[in-house]
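Coordinate analysis (summary)
What follows is each chain in one-letter form.
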Amino acid sequence: MDFTLSEEQLMIQQAARDFAQNELLPGVVERDDAQKFPAEQVKKMAELGFLGMMVKPEYGGSGLDTLSYVLVMEELSKVEAGASVIVSVNNSLVCWGLETYGNEKQKQKYLTPLATGEVIGAFCLSEPEAGSDATSQKTTAIDKGDHYILNGTKNWITNGSSASTYLVIAQTDIEKGHRGINTLIVEKGMPGFEIGPKENKLGIRSSDTHSLIFNDVKVPKENRIGDDGFGFKFAMKTLSGGRIGIAAQALGIATGAYELALKYSKQRKAFGTEISNHQAIAFKLADMHTHIEAARHLVYKAAWDKDQGNNYDLSSAMAKLYASQVAMEATVEAVQIHGGNGFVKDYHVERMMRDAKITQIYEGTSEIQKIVISRSILKN
Ligand code: CAA
């Protein structure tokens, strides 16, 4: 494995870094405070090609590899994880799923506007009683010949109100268990589809998270992705790639907090010298740097596996598990290094600490990653 970045990857990384510094940083505290969706910034990210990074150009995407996507996720997340999750869901969970498993008609109709960022998408799996236990879908999609009738509620849906295209996972035949689940493409505005109230969250507050309510929504059968009963496997396969994006987000949050702490420690004086000259601080920085570098290797390895066509279920789960743990540790330490200043919003690290927590929860909690990892190592 050679993770030396190509000229193209370095350019993309720099473009994302410049965008994050110039366009995300200026309003990040206010958006976090007000839970304000970064609409203008999403539009600009679409222009930069960040919303359909791995989609083929013939469907409006940038045609890049997974490592380039990881680099962008890392840079955006160093500054605003609320914005980077929008990018992650659109790329990994919606565009990738549609491009990989959708038919030509679905790709023409839905993928192209999603990849160009003309619209954004949402991935709707979680329910009030089916978060980790994803096979226990209570939302039903009853087969009525040429259409399905969709009923139920989805919870904690990223891009819940800002999306236009929703991939909804629902149970068609309870007798068949996970083999009776389908994924349907649902459009905003379909009669009976309601967007529930916005969640008031601890972190990633600029992204919009909602419950969704489906009341007898008529969804044409041509909107089903894959064969009848493929919906659960679709969700699992898609989430494996999604975890690489979230691992990169966690890595970016950790790196952003570390870089701020490093800079602060060289400026702030206590006991007659910069605090970085005290081992109590220098050792924290050494640990943070080491753990972040280890996380980076796991995240890049998972991206490399995906780009090589290797199975990446194990590497993506390990990357997400470890990077999210490092994000939590590094942000807590960054607040500690900042002392009292770390506890106020202008120094950014308190927001990063709040943002870090979700990386241990969404797209599978840390416990779910351990299930995936342990099953993988025990079956060999
Ligand atoms: N690829 C392909 N197929 C897979 C698979 C994968 N990665 N993982 C499982 N499957 C298949 C299995 O092979 C099995 O099929 P067969 O019976 O035909 O062999 C079927 O799916 C069921 O698998 P399991 O028996 O392993 O299912 P389980 O009930 O034990 O659960 C689980 C497995 C890993 C715990 C799964 O439920 C899971 O990943 N849960 C977490 C869900 C999750 O990540 N939710 C996040 C919501 S999305 C989100 O957060 C987005 C956002 O807003 C940012």
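Treat the numbers as computed from the prediction; the structure is a model and nothing was measured. (Residues numbered from 1 in each chain as written. Predicted model: local features only at pLDDT ≥ 70, side-chain atom pairs only at ≥ 80, totals over all residues. Heavy atoms only, no water.)

We now examine the site of the ligand. Around the ligand there are 27 residues in total, and Ser132, Thr158, Arg179, Lys233 and Arg375 lie nearest to it. At 3.3 Å from a nitrogen atom of the ligand is found a side-chain nitrogen or oxygen belonging to aspartate 313. Between the ligand and the protein, one listed contact pairs an oxygen atom with a side-chain N or O atom of arginine 375 at 2.6 Å. Relative to its free-state accessible area of 1100 Å², the ligand is covered by the protein chains to the extent of 76%. Ranked by the residues each element gives to the shell around the ligand, the list is headed by helix H7 (residues 231-267), at 7 residues. Class assignment of the residues belonging to the shell around the ligand gives a composition of 12 nonpolar, 8 polar and 7 charged. (Near = heavy atom within 4 Å. Polar contact = N/O pair within 3.5 Å; in protein donor to acceptor, adjacent residues only side chain to side chain. Areas by Shrake-Rupley, 256 points an atom, 1.4 Å probe, with all protein chains shown as cover. Helix = DSSP H or I, 4+ residues; strand = E, 2+ residues; numbered from the N terminus. Nonpolar A, V, L, I, M, F, W, Y, C, P; charged D, E, K, R; others polar.)

Here we come to the layout of surface pockets. Approximately 1400 Å³ is the volume attributed to the largest pocket. Together, 48 residues line the largest pocket, and Leu239, Arg243, Glu363, Gly364 and Ile368 are the ones closest to its centre. When contributions to the lining of the largest pocket are tallied by element, the ones reaching two or more residues are helix H5 (81-101), strand S3 (147-158), H7, helix H8 (279-308), helix H9 (313-338), helix H10 (349-358) and helix H11 (366-378). It is H7 that contributes the most residues to the lining of the largest pocket, 8 residues altogether. (1 Å grid on protein atoms, 1.4 Å probe; cavity = no way out; pocket = protein on both sides within 12 Å on 5 of 7 lines; lining within 4 Å. Points joined across faces, edges and corners; volume = space filled by probe spheres on them.)

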